[in-house]
Amino acid sequence: MTYRIEDNAGFAVIHLQGEVDLSRSPAARQAILDCLQARRNVLVDLNAVTYIDSSGVASLVEGFQISRRLSLDFALVGVSDAAMSVLRLARLDQVFPIFATLEARLAQTASKT
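Predicted, not measured: the structure shown is a model, and the values here were computed from it. All residue numbers here refer to positions counted from 1 along the written sequence of the relevant chain. This being a predicted model, a pLDDT of at least 70 is required before a residue's local features are given, and a value of 80 or more before pairs of side-chain atoms are given or counted; all residues contribute to the totals for chains, interfaces and linings. Side-chain metrics in this entry use all non-hydrogen atoms of the structure; hydrogen atoms and water are not considered.

K.L.:
Looking at this structure, I do not really get the nonpolar core. What am I missing?
P.N.:
Across soluble globular proteins, nonpolar side chains show a tendency to be buried alongside one another. The nonpolar core is taken to be a set of buried Ala, Val, Leu, Ile, Met, Phe, Trp, Tyr and Cys residues, with the residues joined through side-chain atoms within 4.5 Å. Under the scheme applied here, a residue whose accessible area is under 20% of the maximum for its type counts as buried, over 50% as exposed, and between as partly exposed, the area being computed with a 1.4 Å probe on protein chains only. One finds Leu16, Val44, Leu46, Leu60, Phe74, Leu76 and Phe96 to be the most contacted residues of the largest nonpolar core, which totals 28 residues. At the level of secondary structure, the elements contributing two or more residues to this core comprise β2 (11-20), α1 (25-37), β3 (41-52), α2 (54-69), β4 (74-77) and α3 (81-89). Secondary structure follows DSSP: runs of H or I at least 4 residues long count as helices, runs of E at least 2 residues long count as strands, and numbering of each begins at the N terminus. Counting residues per element, this core draws most heavily on α1, which supplies six residues. Each residue touching Phe74, except ones within four places of it in the same chain, is listed here: Ile32, Val42, Val44, Leu60, Gly63, Phe64, Ser67, Arg68, Phe96 and Pro97. With eight residues, the next largest nonpolar core counts Phe11, Leu43, Leu102 and Leu106 among its residues. By definition in these notes, contact holds between two residues if any of their heavy atoms fall within 4.5 Å.

K.L.:
Which parts of the structure should I look at to understand the side chain of Ser67?
P.N.:
You can see Ser67 is positioned in helix α2. Ser67 sits in the buried class, given a relative accessible area of 0%. When near neighbours in sequence (up to four residues on either side) are disregarded, Ser67 contacts Leu36, Leu72 and Phe74.

K.L.:
When you look at the pattern of salt bridges in this model, what are you seeing that I'm missing?
P.N.:
A pair is scored as a salt bridge if a Lys or Arg side-chain nitrogen falls within 4 Å of a carboxyl oxygen belonging to Asp or Glu. By the definition in use, this model includes six salt bridges. Between Arg4 and Glu6 there is a salt bridge, with the nearest N and O atoms lying 3.4 Å from each other. Among the residues examined, Arg4 registers a relative accessible area of 48% and is labelled partly exposed.

Quick look at the structure:
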């Protein structure tokens, strides 16, 4: 798994790519936590995720919980089919704010201003 973080319209957008598994999820978790600790709203782009296991999902859940505690925005964008099947299996597709694309999420922000 690789990741990169970019700033876009007031969000830290964390682009994850590849397999988010037990050996690689700590890096994803740390990137999410670092952004939240810096009081940044977070969007996690899962478009290029080919596999995610329970440790990767746990990193997303932890980030979501912390964002709520800090009153920050947190959402998933561009969720790949592989990642969505795991989220659906755990019924987390009903918990996370999920947007089809990064642009769709940013458009929602723009329409509120």
